[in-house]
Every structure is written in structure tokens, then in C-alpha cells.
Amino acid sequence: MTQQPTTSDLRPTDPPTAGAAPSAYAAAGVDIEAGDRAVELMKASVAATHRPEVLGGLGGFAGFFDASALAGYRHPVLATSTDGVGTKVAIAQAMDRHDTIGQDLIGMLVDDLVVVGAEPLFVTDYIACGRVVPERIAGIVSGIARGCELAGAALLGGETAEHPGLLDPDEYDIAGATTGVVEYDRILGADRVRPGDVVIAMGASGLHSNGYSLVRHVLLEQAGWALDREVPELGGTLGEELLVPTRIYARDCLALADATEVHAMSHITGGGLANNLARVVPDHLTVRIDRSTWTPQPIFSLVQQVGAISQPDIEATLNMGVGMVALVPAGNADETLALLGARGVASWACGEVREAGAEDGGRVILQGRHTA
């Protein structure tokens, strides 16, 4: 595990002498001691994510993962994904709560990976900040570690970079990457999708980590709402709702693919349900989604009503209460719903794959109205 406090590989060989003048680097705004303290605070969180294949401990220049574990695969294919959490970090910073945003990062990473059928093996993270506050960095990493535990992935390495002058002291951004493995003949995707397949929706925990530029513009800038505003429709404050962490589906999707036939999956992120689902719809097919099969959480209607946003615009930006979908043969739909239900995942059949008409090839069409 590499979790360095700065982007430099040059580290002091001896601790500073008590009472000595600050180093030139400290005078420039980079606090190496604070970085070292952050590493100490995050050690337990990181260690909790380690799989048996992880070699070594925290603080080296590179993380090690024993690839002999892949010997049990007939034809292993590595898959990788990289992402961030966008402007949701602005909410965490404004509320001075940093222990959930890391789970959002892992959700964006591993659930992009799992849609092809790949098991996430390990994650590396990157935190850029204006000033290293050890407790804040440790809080961020604790959320990352929590997400890794939920996904079954090891937090293998990372970097904390202090950027004084580029970022304000209390500003930060996070990003990461994940690597996974899947058998070649079990890769899921558009080539497996067939007419008659049923679309199984999996409920989102809320906004997840997409569309926050729109949400912040509508509720915070246009409407002028404060994050500590109590919103009866939300059952709490606006800030609490906006920080609800992204649901992580990785283990549920892998269990589903192991137990029954799945043709494709789609992670519903930026661009909404139709645009993301269309990525796994072949050109000769179309998908029709029935909005009446579910009711989005109140936050979605709140943003739409306060911002006077059209249905096409809101659906092209937010997930509208669906975080993941699976396309399965019609004969496997009931089994799929039962398995997901047993795992505590709210799920329902929301649409069907059909042969495409003259103008519908590769399209996802949303019809009907959401139930109240």
C-alpha cells in the first residue's frame, strides 16, 4: 500500500529536530508530518480490506497482489475502470463530513467493472487536497475502505497529494482505479442480449454520485436552500439526503451471474437510465421501459419541481431511483428477483427487449408515468 502525503518521492530520512525552524517545503505549504499522521490514522481501515492475495503492508512504493490466484481460471481476462465522484465532494466539504464520500468513489469504480461480469480484485485511490488534515484524510480513506469491503476488493495502494496554491486549504478531490478478472467466455455484454429478455431494475439508494452540478444549481443556487434545511419530503435535512452514499451492487451482481443466466448489465450513472442501458442494446434491438413499475425517491421529484425541469432533461441526468439493471431471459426473471430480494436488493421487472422498428434500433424508450 502506497499512501504518500505528497506527490514527491523525496522523503526526509530523519525527523525534524524539536524546536527547529520549519523546512522550506513546510514554508511552501506542504506538511509532511501531517501526511505521516494521516497514514497512521488510516492503517486499520486499509488493513480491513485486504484479501489473501495482498502482499506486504502500508507505506511502500507499490502495492502487491499475488497473481497466482488467477491460475484457477481457464481463460482469465483483466478488466479495469477509473472514475471520480464529481461535484458531490463539494457537499461533503460544505458539511465537513468526509467519511461517506469514499464509498461513492468505490461504487463508481467497481459497479462499472461488474457489469461485464468481472470480480473487482483491488483498488487504488488518489486524493488531492489544499492542506493535509490527518483526520479528514483518514475519514475519506475510511469511506473508501468501507466501499472496498462491501465490494470484496482490496484497497491496495494510493496517493495523497498536497497542492497548496492550487486548491484552497479545505478543498480536495478524489479519484481511483480498480482492476478485476472475468472468464473470457463469461464476459457479459450487448452480444448476448436477445429479443424477449426482461429488464430487471435494482433500486438506488438515492442520487448516488451523478448529476450533482444540476442538483446544486437548482437547490442551492437557484432556490437558495441551505444544507441544514429540514425538508419534510426527505425526512431530514437536505445535506443529509445529498450525502447518502452510493449503493454498491458488485457482490449482488456477481452472485446473480453465478446463480442464473444473465445476458448484460448496466450501471446507471451520469446520463440516466436510457443512455446507460443503450450501451448494451444491439442495433437490431430496442428496449421499452415502463415508468409505472416504480416510484422514484422524493429527492428526484423535488429537484424536478423546484427547477421546473422537463421529464427528458431530468431522465438524461439523474438515475431516477434505478442504480443498476440486468437483462435476463424471460424464464429467469422470477429467479433473478427472488435472488436479489434474498440479498436485500429492491428489484422489479421494468421493461423488455424487442426487435427494433425502422427507427428504434439500439434505442431505449421510456413510456408511461411513474406511480405516485
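Note that the structure is a prediction, hence the values are computed from the model and not measured.

Student: Which residues make up the overall build of the chain, and what values do they have?
Tutor: Helices and strands together make up the secondary structure of the chain, namely 12 helices and 15 strands. Counting the 372 residues in the chain, one finds 51% classified as buried. Total accessible area computed for the chain in this model is approximately 16,100 Å², and 52% of it derives from carbon and sulfur atoms.

Student: Which residues make up the layout of surface pockets, and what values do they have?
Tutor: Approximately 280 Å³ is the volume attributed to the second largest pocket. Contributing to the lining of the second largest pocket are 16 residues, with Gly117, Val182, Arg186, Ala257 and Asp258 lying nearest its centre. Every element with two or more residues in the lining of the second largest pocket is listed here: strand E7 (172–183) and helix H8 (250–259). A class-by-class count of the residues in the lining of the second largest pocket yields 7 nonpolar, 3 polar and 6 charged.

Student: Explain the sheet that holds strand E14 (residues 347–355) residue by residue, including any values.
Tutor: Strand order in the open sheet formed by 6 strands is E11-E13-E8-E14-E12-E15, with mixed pairing between adjacent strands. Each of the sheet's edge strands pairs with one partner strand only, and the pair in question is strand E11 (264–267) and strand E15 (364–367). Strand-to-strand twist of the sheet, defined as the mean angle between neighbouring strand axes without regard to direction, takes the value 25 degrees. Where strand E12 (residues 285–290) lies against E14, 5 bridges are found, and the strand directions are antiparallel.

Student: Provide a residue-level description of helix H12 (residues 333–342), including the pertinent values.
Tutor: The complete set of buried residues in H12 reads Ala333, Thr336, Leu339 and Leu340. Each buried residue of H12 lies within a common arc of 130 degrees when the element is viewed along its axis, so the set occupies one face. Across H12 from its buried face, at more than 90 degrees, point the exposed residues Asp334 and Ala342. Structurally, H12 contributes buried residues whose contacts are with strand E8 (198–203), H8, strand E13 (322–328) and E14. Note on H12: the residue one or two positions beyond its end, glycine 344, has a positive phi of about 80 degrees.

Student: Help me get a handle on empty space enclosed by the protein, residues and values and all.
Tutor: For the structure shown, the criterion picks out 1 cavity of 30 Å³ or more. In this structure, the largest cavity encloses a volume near 30 Å³. Within the lining of the largest cavity, the residues separate by chemical class into 4 nonpolar, 1 polar and 1 charged.

Student: Outline the side chain of arginine 136, listing residues and values.
Tutor: For arginine 136, the position within the fold is in helix H5 (residues 134–151). A polar atom in the side chain of arginine 136 sits 2.8 Å from the side chain of aspartate 170. Among all residues touching arginine 136, those that are not within four sequence positions of it are His98, Arg131, Pro169, Asp170 and Tyr172.

Student: Any chance you could break down the pairing of strand E6 (residues 154–162) for me, citing the residues and the numbers?
Tutor: In terms of burial, E6 is a largely internal element, 9 of the 9 residues being buried. Traced from strand E5 (residues 119–129) through H5 to E6, the parallel crossover comes out right-handed.

Student: Can you explain the nonpolar core? Please cite residues and give values.
Tutor: In terms of nonpolar packing, the biggest core is built from 65 residues, with Ile106, Ile174, Met202, Leu242 and Ile299 touching the most fellow members. Within the second largest apolar cluster, 22 residues are counted, among which are Val199, Ala264, Val281 and Cys350.

Student: Explain helix H3 (residues 88–95) to me, and be specific about the residues and the numbers.
Tutor: At 3.6 residues per turn, the α-helix brings residues three or four places apart onto the same side. Those residues of H3 that sit buried are Lys88, Val89, Ile91 and Ala92. What you see down the axis of H3 is that its buried residues fit within an arc of 155 degrees, all on one side. Lining the buried residues of H3 we find helix H4 (101–114), E7, helix H6 (212–222) and helix H7 (238–242). Aspartate 96, located one to two residues past H3, shows a positive phi value of around 50 degrees.

Student: Account for the pattern of salt bridges, naming residues and giving values.
Tutor: With the rule as written, the count across this model stands at 13 salt bridges. Of the charged contacts in the structure, one is a salt bridge between arginine 97 and aspartate 99, with a shortest N-O distance of 2.9 Å. On the basis of relative accessible area, arginine 97 is assigned to the partly exposed category, the value being 41%. The partner of glutamate 315 in a salt bridge is arginine 291, with the nearest N and O atoms 2.6 Å apart. You can see glutamate 315 sitting in helix H11 (residues 311–315) and its partner arginine 291 sitting in the loop between E12 and helix H10 (298–307), a full 24 residues away along the chain. Taken as a pair, glutamate 315 and arginine 291 share a single burial class, namely buried. Where salt bridges share partners, they join Arg51, Glu53 and Glu119 into one cluster.

Quick notes on the rules
- Residues numbered from 1 in each chain as written.
- Predicted model: local features only at pLDDT ≥ 70, side-chain atom pairs only at ≥ 80, totals over all residues.
- Heavy atoms only, no water.
- Helix = DSSP H or I, 4+ residues; strand = E, 2+ residues; numbered from the N terminus.
- Buried < 20%, exposed > 50% of the residue type's maximum accessible area, 1.4 Å probe, protein only.
- Areas by Shrake-Rupley, 256 points an atom, 1.4 Å probe, with all protein chains shown as cover.
- 1 Å grid on protein atoms, 1.4 Å probe; cavity = no way out; pocket = protein on both sides within 12 Å on 5 of 7 lines; lining within 4 Å.
- Points joined across faces, edges and corners; volume = space filled by probe spheres on them.
- Nonpolar A, V, L, I, M, F, W, Y, C, P; charged D, E, K, R; others polar.
- Pairing = 2+ DSSP bridges.
- Axes fitted to C-alpha atoms, helices over the stretch in contact; angles between N-to-C directions.
- Arc of directions from axis to C-beta.
- Contact = heavy atoms within 4.5 Å.
- Polar contact = N/O pair within 3.5 Å; in protein donor to acceptor, adjacent residues only side chain to side chain.
- Right-handed = clockwise from strand over helix to strand, strands pointing away.
- Core = buried A, V, L, I, M, F, W, Y, C linked by side-chain atoms within 4.5 Å.
- Salt bridge = Lys/Arg side-chain N within 4 Å of Asp/Glu carboxyl O.

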